[in-house]
Amino acid sequence: MAQQRLALWNAEEDLEEDVDLTMALENYTQEMHYDDSQISQPQIDESTFIAMQQHMAQQAAFQQIPDVVKSFIVHFHQAVLDNNLAEITVAYESGWNKYTEKFYSKTEWPEAELIAPLVNDDPIFLILYRELYYRHVYSRLQPNIDDRFHSYENSCELFNYLLNSDGPVQLELPEQWLWDIIDEFIYQYQVFCTWRSKVTSKTPDELMMLAEGGPVWSSYSVLNVLYSLMQKSKINEYIVAAREGKSPEEIAEIVGEYGQRPLYRMLGYFSIIGLLRVHVHLGDFTLALKVMENVELNQKSPFTRVTACHVATYYYVGFCYLMLRRYPDAIRTFVTILNFIMRMRQYHTRSYQYDQINKTADRMYALFAICSALSPSRFDDNIANIAKERYGEQFAKMSRGGTFHLCLPQIYHRQPPPYEDPAAISALLEASNDPDSPSQPSPQTDSTRRHLDVFLADVSAQLQVPTLRSFLKLYTSLGAKKLANFLDADEEELVQEMMVLKQASRSISRVPGSEGTSLLEGQMITTSDLNFVIDENMVHIAESTVGRRYAGWFIKNTERTQKILDDLKHMPLPVSSKPNGGASAAAPPTETVTQNRQTRKVAWGGVKAA
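What you are looking at is a predicted structure, and each value in this text was computed from that prediction instead of being measured. (Residues numbered from 1 in each chain as written. Predicted model: local features only at pLDDT ≥ 70, side-chain atom pairs only at ≥ 80, totals over all residues. Heavy atoms only, no water.)

**Regarding the pairing of strand 5 (residues 538-543)**
- When strand 1 (residues 477-479) meets strand 5, the two strands line up antiparallel, connected through three bridges. Counted as the bridge partner of Leu-478 is Val-539 from strand 5.
- Note: strand 4 (residues 530-535) against strand 5, six bridges, orientation antiparallel. Among the inter-strand pairings, Leu-530 is bridged to a residue of strand 5, identified as Glu-543.
- Counting the residues between successive antiparallel strands, the hairpin from strand 4 to strand 5 contains two residues, one of them, Glu-536, with a positive phi of roughly 55 degrees. (Pairing = 2+ DSSP bridges. Helix = DSSP H or I, 4+ residues; strand = E, 2+ residues; numbered from the N terminus.)

Structural data, given as structure tokens:
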């Protein structure tokens, strides 16, 4: 065995002697030397190169997202997957606003494509995330045309998922978020209508995109979504059945599988409020109240659960009554919601919509002052005093419609500018650039101005009513000629002004006991305490002063005082702290008590004898 190993090693030695290492190394060196010109470069097309750059940019942007935000998104996604309403509510109302203020107060949130790996590319959560993303862009930043188009596309995806899925979707969201979805959908539509109506401020690229964009944010598409949600949820049938006191089994049979789900029920209910708002902005105030025929304005209605929805409902209903010249109903509506805002002001400070609620309240105070000036009445002295404090200097202008444009919702033109017709757009641009041509207002501004002019024309016809009313209150009977001399008018003009006064003192109003009926229903009532008749050339005046009803005020405050007294009686007595001396130290000696009685002072400082 050893001899074989020796022979093997000897063979290796012979092999080393036979090989010329110098030549081998030279050949290896020559073989390792390559010519760069002979190497073929890989061919990468432009699209692949751009995709690689985008991927690298996304990786870099993903690294810039704070870790706490990543954890929040993962937690938010898990809560949505589990349909955990409590966790979703906390993440939506607290977490999102917290990290917005901390990291994204002046910048956009990460795009949905960046956070997609964190949520396993869940398409439903990404749609909800984009809804929050674009809402942040509209509220904190300035949206560009891509944001306007993409927010519309995302809204379409969301509503298509809710309306066109096979059966009700297995998704639960808090009521506040459901209202915000409807509210933001309408708000973005309003902002787009305002932006679209300004032709002269558009760049050539924006004009081209608007021409090719089709029915983006059209009135028809917005109304179609809201009416579809109402029909899918059968919310009107649900309200009627619940009002009639039907059993849950009967209601479930009436509304079907969609109406039984809280998601669809609340979306349908909020769509009614959304339709009220859209029809007001389109200038159809009668149809706006007609949509609300099954909704009761009381504290038990579902819209009161969301404060922003509660305030918006009363604001638009009151404005409809104002535009329909139903001033008593408008005053009653504004007083109700303004009292609610005053009572709940300390809780509104905790809401992220606190500023918006205050702005709406300021508008309603102005509208209340206008209604009170046009139809004097006493509904609530507290609200009236606040309105006078805020608009005291302008209160005289209220009777002439002053400051009305400040609280008027914008009325949108149903037809956008003809962007699909280049010749018409060019003519509009040339006319705007020509200094000699009269300036043409935008369709939206023109629509708002038209409604304002109609309202002011009605107000201007009543300018002499306060003066005529003040003269009539001084007399029980007065000659027509003498009254005409007071007004510096002839008798024919006097008769016309008195008919205007008669018409101004009458209005359609809802009467007590009309709860549960349509908001359009009402009876003709007299809103003035002054009545008169014309008999030949004499004017006979009858004034009926209705005394204030103090009984209700005293009963209400007596009940409140009794409740406070009962609460105090049921409260436990405070535990008295004993001194260190124990029980014997708690009772003072008899001598000390006697001495205190002898030295007790009377009111004027003397000492009263025992």
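**Things to note about the packing of helix 12 (residues 235-243) against helix 14 (residues 262-281)**
- Remark: helix 12 packs on helix 14, axes separated minimally by 9 Å, with the N-to-C direction vectors making an angle of 100 degrees. Between helix 12 and helix 14, the interaxial angle falls into the category roughly perpendicular. For the pair helix 12 and helix 14, contact is made by Ile-235, Asn-236, Tyr-238 and Ile-239 and by Arg-265, Gly-268, Tyr-269 and Ile-272, respectively.
- Here the residues of the contact of helix 12 with helix 14 are counted per class, giving five nonpolar, two polar and one charged. (Axes fitted to C-alpha atoms, helices over the stretch in contact; angles between N-to-C directions. Parallel < 35°, antiparallel > 145°, perpendicular 65-115°, else oblique. Contact = heavy atoms within 4.5 Å. Nonpolar A, V, L, I, M, F, W, Y, C, P; charged D, E, K, R; others polar.)

**Some details on the side chain of Arg-326**
- When you line up the elements, Arg-326 lands in the loop between helix 16 (307-323) and helix 17 (327-343).
- Residue classification places Arg-326 among the buried residues on the basis of a relative accessible area of 6%.
- Once you skip the residues sitting within four places of it in the chain, Arg-326 turns out to touch Tyr-321, Ser-507, Ile-508, Ser-509, Arg-510, Leu-519, Leu-520, Glu-521 and Gly-522. (Buried < 20%, exposed > 50% of the residue type's maximum accessible area, 1.4 Å probe, protein only.)

**Observations regarding the sheet that holds strand 1**
- The strand order across the open sheet built from three strands is 1-5-4, with neighbouring strands paired in antiparallel fashion. Looking at which strands have only one partner, the edges of the open sheet turn out to be strand 1 and strand 4. When strand polarity is set aside, the average angle formed by the axes of neighbouring strands in this sheet is 25 degrees.
- Seen against the sheet, helix 25 (residues 480-487) touches strand 1 and strand 5 and runs at an angle of roughly 75 degrees to strand 1.
- Sheet strands touched by helix 26 (residues 491-504): strand 4 and strand 5. Its angle to strand 4, the strand with the most contacts, is close to 145 degrees.

**As for empty space enclosed by the protein**
- Per the stated rule, a full pass over the model turns up four cavities of 30 Å³ or more.
- Its volume calculated, the largest cavity comes out at about 90 Å³.
- The wall of the largest cavity is formed by Glu-131, Tyr-134, Ser-151, Asn-154, Ser-155, Leu-158, Phe-159, Ile-181, Glu-184, Phe-185 and Gln-188.
- Secondary-structure elements contributing two or more residues to the lining of the largest cavity are helix 7 (123-140), helix 8 (145-164) and helix 9 (175-196).
- If you tally residues by element for the lining of the largest cavity, the top one is helix 8, at five residues.
- Along the lines of polarity and charge, the residues of the lining of the largest cavity split into five nonpolar, four polar and two charged. (1 Å grid on protein atoms, 1.4 Å probe; cavity = no way out; pocket = protein on both sides within 12 Å on 5 of 7 lines; lining within 4 Å. Points joined across faces, edges and corners; volume = space filled by probe spheres on them.)

**Description of helix 12**
- Here helix 12 has its buried residues at Ile-235, Ile-239 and Ala-241. Buried residues in helix 12, looked at end-on, bunch into an arc of 165 degrees, giving them a common side.
- In this structure, the buried side of helix 12 is in contact with helix 11 (219-233), helix 13 (248-259) and helix 14.
- Gly-245 occupies a position one or two residues after helix 12 and carries a positive phi of about 80 degrees. (Arc of directions from axis to C-beta.)

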